[in-house]
Amino acid sequence: MKKLLSGLMAAVVGMTAVLASAPYISADNPIVQTNYTADPAPMIYNDTFYVYTSHDLDGSTYFTMPDWKCYSTTDMQNWTDHGSVLSYADFSWAEENTAWAAQCIERNGKFYFYVTLVPAATGGRAIGVAVADSPEGPFKDALGKPLIGPNWDYIDPTVFIDDDGQAYLYFGNPTLNYVKLNEDMISYSGEVSQIPLTTEGFGARPDGDERHPTLYEEGPWFYRRGDLYYMVYAASGIPENICYSTSPTPTGPWTFRGEIMGSAGGSFTNHSGIVDYRGHSYFAYHTGQLPGGGGFTRSVCIEEFTYQPDGLIPKIPQTKEGPAQLEAVNPYIRNEAEKICWESGVETEVCSEGGMNVANIEKGDYIKIKGVDFGDGAEKFTASIASAEQGGVIEVHLDSTTGPIIGVCNVPGTGGWQNWQEVSCDSAGASGVHDLYLVFSGGDGFLFNVDWWQFTAAGGGLTEEGYYFKSTFENGEDGWSSRGGASLQPADTAAYEGDAALYVSERTASWNGMMKKLPTMHFQKGETYSFSAEVMQNEGRISEHIMMKLEYKDGNGDVQYHTIAEADAIRGEWVQLSNTEYTIPADASDMHVYLETADGSVSFYADQIIAAPAGTAIAGSGIITILKGDVDRSGRINAFDAAYAKKGLLTSLPNAIAEAEADVDESGTFELVDVVALIQYVTGKSDRFVTIE
Ligand code: FUB
């Protein structure tokens, strides 16, 4: 990089002066505003999207970079700041502020962080490796010396573990090099190999020279998708764009595939990373688009994209909005204040309570949290605050810094910037999904710090009976909607409770039925709940199997189905589908509860559908236990049952329960073959219900 810079410093310095006046963009890209971030390295772990970044110091006029930071999200819009996870100072051999691009990868529960540094004793550049037990660190230098180098070319490590377990570490500017890492991930076998930079492999540079024969410049990102290996890299010199090449093997031959992202964006470098998360593909890069931003004060941005059917990557535009939000924020659990979509004026710092807190708050500063689902409404706002000064006020707004105020919380002095205290205020006027703005006001100077915030749902979010919801369909569909085109009609032709039930008809397949979205304010992955529903069918077979199920998206974004409760519904009888200890799968999002039948398309009624805290017993019709052959319900199967069934065939059986018990071949209809099979059984001619057609 030094050689690259030496030839280009004049142009770069001129360019940063222009770039420093980049427009202030109050949008959701760049993803971090509390400090400058560069060289993003995304990593998916434990259903969470982490991004590791390098860190340009404020006001830098060169790559003055002290440490690496870590941010995470599960919704792609609100990012939790995990602070500085590793610094040049953690490497005894490294020169100050030379913490350039890095990448982290997990193997066997350990996290390996490959970094660029300058070895103080020798100069040049080198790749170091640090290890941690958690994605958020603390990371420790694994070797006490460089893993590879020194060599001026050795910057920008990218690491990938192939399906056969072989790990590759690529790196380099302007050469592209790799080593095969050993299984311990902190040593390698063989020599450093150099990839031949051919124009077929890496494109033709119009003004190419011996050192830069192709478009390849630096910042490689290496990964595999299906049978294709991808090398995505900063290209074309100054200003850099992002191009990529593909190969059928991990080490070539490479084929140049073109440009992914153009060079606009207020930074003369770019550096990218690509990952898939919850069924979406994401491209991380950096620009100079924050206030004061430029070529040495960069900021990480993220875009969503879709691979072409042949696996090629489309051109990706830089946007202010970034990716769509994947799930709403639940305001009724503790939310870290450092989980931010956008902020103005604040910073973050290490919190004495663990994690980070928001600090340096002055009047007029604000934090935006995108897409918060208030459900039916909130009644209280609580925050954990600390102030060594006079405190101030948190104004809680919806949708913008001047949008409706849903709470005003006075914050007192607490005697110290880390002396934490909870403050609460009434909240009213929020329901449904809104962006949330915490707007800070008070006197001059720093006001207070915030560690976390949380709302309390109106009425605790529970019905008077202590349920999350109860649907009785007395006045409508109670938030249930059609699944697969079934007709839903609140009807008074049947009811388990009150005067009406929901009549589900015009089903054309067993999966058609009724569904309801589970609000995030109450229903969380991995948590346990009690569910109950009353169902009744009076148009189908003697018995129809009816199920209450959960439809959700798993960690890969794929739709999955999970049974909550099921039962046989005897014609004309209400039956309770109930599970007082149902645990939502640990990777679930976008959850809907629904009712369907195991097969067929019979119409049915549903009533008194309840979701409640785990363990809540819900009184209902229970489940009718059918003992096949026990037609007179005596508890035994004998000649009386055969006689009763025979008579029932000639006249009729008293009810559907008796019919279900007489339907010994489980065909769904009580008929002559059932009576014959029953007689064979009770006379000892067969030890099973054998039907003779
Ligand atoms: O951040 C310092 C250097 O700038 C990186 O190592 C390069 O990839 C470029 O982004």
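See above for the structure.
Conventions we followed
- Residues numbered from 1 in each chain as written.
- Predicted model: local features only at pLDDT ≥ 70, side-chain atom pairs only at ≥ 80, totals over all residues.
- Heavy atoms only, no water.
- Salt bridge = Lys/Arg side-chain N within 4 Å of Asp/Glu carboxyl O.
- Helix = DSSP H or I, 4+ residues; strand = E, 2+ residues; numbered from the N terminus.
- Buried < 20%, exposed > 50% of the residue type's maximum accessible area, 1.4 Å probe, protein only.
- Phe/Tyr/Trp six-rings, centres within 6.5 Å; stacked < 30°, edge-to-face > 60°.
- Lys NZ or Arg CZ within 6 Å of the ring centre and 35° of its normal.
- Near = heavy atom within 4 Å.
- Polar contact = N/O pair within 3.5 Å; in protein donor to acceptor, adjacent residues only side chain to side chain.
- Nonpolar A, V, L, I, M, F, W, Y, C, P; charged D, E, K, R; others polar.
- Patch = residues over 30% accessible without salt bridge, like charges linked within 9 Å, V, L, I, M, F, W, Y side chains within 5 Å.
- Areas by Shrake-Rupley, 256 points an atom, 1.4 Å probe, with all protein chains shown as cover.
- Contact = heavy atoms within 4.5 Å.

Asks: Would you mind going over the pattern of salt bridges in detail, with residue names and values included?
Replies: Evaluation of the coordinates by the stated rule reveals 28 salt bridges. Between Asp451 and Arg334 there is a salt bridge whose closest N-O contact spans 3.8 Å. With Asp451 in strand β31 (residues 449–457) and Arg334 in the loop between β19 (299–305) and β20 (335–336), the pair connects residues that are 117 residues apart, well separated along the chain. You can call Asp451 buried: its relative accessible area is 1%. The shortest N-O distance in the salt bridge between Arg633 and Glu661 comes to 3.0 Å. Highlighted residues: Arg633 in the loop between β42 (604–613) and α3 (639–650) and Glu661 in helix α4 (residues 656–662), separated in sequence by 28 residues.

Asks: Outline the packing of aromatic side chains, listing residues and values.
Replies: The full count for this structure, using the stated rule, is 51 aromatic pairs. Aromatic pair Phe63 and Phe296: ring centres 4.8 Å apart, planes at 85°, arrangement edge-to-face. Of this pair, Phe63 sits in the loop between β2 (48–54) and β3 (67–73) while Phe296 sits in the loop between β18 (280–287) and β19, placing them 233 residues apart in sequence. Just as Phe63 is buried, Phe296 falls in that class too. Each member of the aromatic cluster is reached from another via a ring pair, and the members are Phe160, Tyr168, Tyr170, Tyr178, Phe202, Tyr216, Phe222, Tyr229, Tyr233 and Trp254. A cation sits over an aromatic face here: Arg225 above Tyr307, 3.6 Å from the ring centre. The ring of Phe469 carries Lys516 above its face, with NZ or CZ at 4.8 Å from the centroid.

Asks: Please provide a residue-by-residue account of the site of the ligand, values included.
Replies: Around the ligand, a shell composed of Asp39, Phe63, Met65, Trp100, Ala101, Asp156, Glu218, Thr269, His271, His286 and Arg298 is seen. Contact between the ligand and Asp39: an oxygen atom at 2.4 Å from a side-chain N or O atom of the residue. Arg298 is positioned such that a nitrogen or oxygen atom in its side chain is 2.8 Å from an oxygen atom of the ligand. Residues of the shell around the ligand, tallied by class, amount to 4 nonpolar, 3 polar and 4 charged.

Asks: Describe a nonpolar patch on the surface, and please don't skip the residues or the numbers.
Replies: Residues Leu649, Leu650 and Leu672 make up a contiguous nonpolar surface patch of roughly 320 Å² in combined accessible area. You can see Leu649 is positioned in helix α3. Here Leu649 falls in the partly exposed class, since its relative accessible area comes to 31%.

Asks: Mind laying out unusual backbone geometry, listing which residues take part and the relevant values?
Replies: Look at the link from Asn29 to Pro30: it is a cis peptide, with omega at -5°. Looking at the secondary structure, you find Pro30 in the loop between α1 (2–19) and β1 (38–45). In this structure, Pro150 follows Gly149 across a cis peptide bond, with omega equal to 15°. In this structure, Pro150 sits in the loop between β8 (140–141) and β9 (158–161). In this model, Asp39 sits at a positive phi of 50°, which is unusual for a non-glycine residue.

Asks: Help me get a handle on helix α5 (residues 672–682), residues and values and all.
Replies: Every α-helix winds through 3.6 residues per turn, so residues three or four apart in the chain are directed the same way. Val673, Asp674, Val675, Ala677 and Leu678 are the residues of α5 that are buried. On its buried face, α5 sits against α3 and α4. Looking at the residues trailing α5, positive phi occurs at Gly684, about 80°.

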